[in-house]
Amino acid sequence: MKTCFRSLLVLCLVLSLGCATSLVVSDTNQRLPANAPVYVAVDADGGSGDRIHEGSGLLAAVAVAKALEPYTSSRLMGLNRESRDEALASARRANAAYLFVPRIVSWEDRTTLSARPQSAELVVSVIEVESGNSVVSAQIAGKSQAFLSTGTPQEQLATPLSDWADQLFAR
């Protein structure tokens with residue numbers, strides 16, 4: 001009985017210590033100038049399957065804006081979902097040099113005791129505001145531990161978004 005209990009305890013520990021994972025895949029090695037003013041658009045709410053997580057579009061935009069903070073002179077962000085053209089017009093009114101458009105691919109917001117991880121995946125496009133041309137696109141994903149779903153989807157994105165921003169901006 002004691003051996004069975006120990007085995008079960010070890011199994012629980014192994015499952016709860018699963019590693020958090022992240023992914024950053026960028027289509028270019030282009031650098032943006034440091035201290036450029038940026039505008040971050042808000043995407044439609046996302047989810048997984050047929051479940052949509054209300055407010056996830058705004059949370060994704062906040063996560064992107066926070067990652068850009070050390071590298072930009074000013075950051076403005078939309079408050080509501082905007083189409084690409086509406087966001088570009090907002091960025092021009094704000095005198096931003098670059099528009100960041102996060103699109104939610106998946107958003108998994110689980111309860112703490114779920115055996116399934118918290119995760120989020122975005123595709124972030126960067127548009128040069130003056131020309132309206134896309135200059136960079138990146139796929140960014142973060143996932144919590146396998147057993148204990150700690151944190152939130154946007155917290156899972158914090159490290160990969162920061163790593164990407166560090167690579168993106170010239171210093």
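Anything mentioned here points back to the structure above.
Here is a short report on the structure shown in this document. In this text, all values refer to a predicted model and were calculated from it rather than measured experimentally.

1. Section: the side chain of serine 56
And then number 1: Turning to its location among the elements, serine 56 is positioned in helix α2 (residues 56-68).
And then number 2: On the basis of relative accessibility, which here comes to 1%, the residue serine 56 falls in the buried class.
And then number 3: Beyond its immediate stretch of four places on either side in the chain, serine 56 contacts Asp45, Gly46, Ile104 and Trp107.

2. Structural notes on the packing of α2 against helix α4 (residues 153-168)
And then number 1: Running from N to C, α2 and α4 cross one another at 35°; their axes reach a closest spacing of 9 Å. Here α2 runs over α4; the crossing is right-handed. Between α2, through Leu59, Ala63, Val64, Ala67 and Leu68, and α4, the contact on the second element is made entirely by Gln154, Leu161, Ser162 and Ala165.
And then number 2: Residue classes in the contact of α2 with α4 are distributed as seven nonpolar, two polar and no charged.

3. A few points about the packing of aromatic side chains
And then number 1: This model, assessed by the stated rule, comprises three aromatic pairs.
And then number 2: On the numbers, 5.6 Å between centres and 5° between planes, the contact of tyrosine 71 with phenylalanine 169 is stacked. Highlighted residues: tyrosine 71 in the loop between α2 and β6 (75-81) and phenylalanine 169 in strand β10 (residues 169-170), separated in sequence by 98 residues.
And then number 3: Ring pairing ties together the aromatic residues Tyr71, Phe100, Trp164 and Phe169, which thus form one cluster.

Quick notes on the rules
Residues numbered from 1 in each chain as written. Predicted model: local features only at pLDDT ≥ 70, side-chain atom pairs only at ≥ 80, totals over all residues. Heavy atoms only, no water. Helix = DSSP H or I, 4+ residues; strand = E, 2+ residues; numbered from the N terminus. Buried < 20%, exposed > 50% of the residue type's maximum accessible area, 1.4 Å probe, protein only. Contact = heavy atoms within 4.5 Å. Axes fitted to C-alpha atoms, helices over the stretch in contact; angles between N-to-C directions. Left-handed = near helix turned anticlockwise from the far one by under 90°. Nonpolar A, V, L, I, M, F, W, Y, C, P; charged D, E, K, R; others polar. Phe/Tyr/Trp six-rings, centres within 6.5 Å; stacked < 30°, edge-to-face > 60°.

Any functional reading would require information beyond the geometric quantities listed.
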